[in-house]
Amino acid sequence: MEQLVNSPAVAQGLIKVEARVRRLSGSSALPGINAGAGRIVGAGGKRLRPALTLATSLALGKAPDRRVITAAACVELIHAGSLVHDDLMDRATERRGTRTLNAELGEGKALVIGDFMLARAGLAAITAVSRPVAEVLAATVVELAEGQYLETGDLFDPARTRESALRSITGKTAALFRAGCLVAAVCARASAEDRARMAAYGEKFGLIFQVLDDLLDLTASSAQLGKPAGNDLRQGVYSLPLLMSGTDLRDLLGRDMSDEQVAEALARLRAGDMVANTLEFCRGLASDALAALPVIHDREIAALLYGLPTAYIDHVAGVSGQLTGVG
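Residues numbered from 1 in each chain as written. Predicted model: local features only at pLDDT ≥ 70, side-chain atom pairs only at ≥ 80, totals over all residues. Heavy atoms only, no water.

Right, let's talk about the packing of helix α5 (residues 66-90) against helix α8 (residues 131-153) for a bit. One way to put it is that α5 packs onto α8 with a least axis distance of 11 Å and a crossing angle of 20°. Regarding the angle of α5 to α8, the classification is roughly parallel. At the point where α5 passes α8, the crossing takes the right-handed sense. Contact with α5, carried on its side by Ala71, Cys74, Val75, Ile78, Asp86 and Met89, involves Val133, Leu137, Val141, Leu144, Gln148 and Thr152 of α8 and no other residues of that element. Its residues assigned to classes, the contact of α5 with α8 shows nine nonpolar, two polar and one charged. (Axes fitted to C-alpha atoms, helices over the stretch in contact; angles between N-to-C directions. Helix = DSSP H or I, 4+ residues; strand = E, 2+ residues; numbered from the N terminus. Parallel < 35°, antiparallel > 145°, perpendicular 65-115°, else oblique. Left-handed = near helix turned anticlockwise from the far one by under 90°. Contact = heavy atoms within 4.5 Å. Nonpolar A, V, L, I, M, F, W, Y, C, P; charged D, E, K, R; others polar.)

Following this line, the structure appears as structure tokens:
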């Protein structure tokens, strides 16, 4: 991912996106909302979604202009607002090593700050980009909500299916990656086929990203994650890596798991086939993502987009292998 974000053409655009994100997040008439939203957008993060938006624009032969920059900023602002809501639902107290808004300000204020960020992104899209882009982003927020709702309905369900888990992460994560690629294609006035191809690429990579993020929750250390390892288990989120592991955890899973039970569950998962099965699944998604890409004439951008899925899989395989011996 570092290669994409640090690519000169993408990095130059990200500087402008960052400035736009900060302006949008600080545009409330209420200083308290601006301060809270500013904390979220200023807390770090990969900026991978807007980087993909910029790379898509370049791949389709359009240098990122003001409309593309704003569209990329809207994508990041939606992501940031969704994180506030995620922390609320999880009652999380820490993210990336800092206290969450709900822990710092209370649930009510955190909720409205998250709402503000989603609404501000939509307003910027319709007023500063275009109606088609605003429609894509509005539909994506609907998918985010639906994906999160599906996950909530499956909490603490040991009978959760892989299909249900996949539907949930397609909505709550992959949809926004898809949208980032699609809005750039819309701004570039790409053909319907190229729009569909870039959208498919974004969705497949988004699935890879979320599946591997879920894997890291079960294989990485708390220090590496910036939050407690095994947090999904505590929250009752039985993720796709767990469901593909083949490991029987029925004697451990449930509400109010103790630290000892979480540690035992993690040890069993790491000793089994979870990592190997998950990496194999993601490599299949990577093949689908690469097959979806349209013809890209810019060699540098082509190399970045073709290399991104495998590079991220290899990175996570290395992190997971430190504890499991599987890579």
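Moving on from the model shown.
Turning our eyes to something else, we now look at the layout of surface pockets. Roughly 190 Å³ of volume is contained in the second largest pocket. Looking at the second largest pocket, the residues that line it are Asp157, Pro158, Tyr238, Leu242, Leu243, Ser245, Gly246, Thr247, Asp248, Leu249, Arg250 and Leu253. Class assignment of the residues belonging to the lining of the second largest pocket gives a composition of six nonpolar, three polar and three charged. (1 Å grid on protein atoms, 1.4 Å probe; cavity = no way out; pocket = protein on both sides within 12 Å on 5 of 7 lines; lining within 4 Å. Points joined across faces, edges and corners; volume = space filled by probe spheres on them.)

Glancing now at the pattern of salt bridges. For side chains bearing opposite charge, pairing can occur when the charged atoms are close. Taken as a whole and judged by the stated rule, the model has 15 salt bridges. The residue Arg99 makes a salt bridge to Glu104 at a minimum N-O spacing of 2.9 Å. Through salt bridges with shared partners, a single network forms among Glu18, Arg22, Arg47 and Glu76. (Salt bridge = Lys/Arg side-chain N within 4 Å of Asp/Glu carboxyl O.)

This part is about the side chain of Ser25. By the element assignment, Ser25 lies in helix α2 (residues 8-25). Relative accessible area serves as the criterion here: at 2%, Ser25 is assigned to the buried category. In this structure Ser25 touches Asn34, Ala37, Val41, Leu77 and Phe116, once residues within four positions along its chain are discounted. (Buried < 20%, exposed > 50% of the residue type's maximum accessible area, 1.4 Å probe, protein only.)

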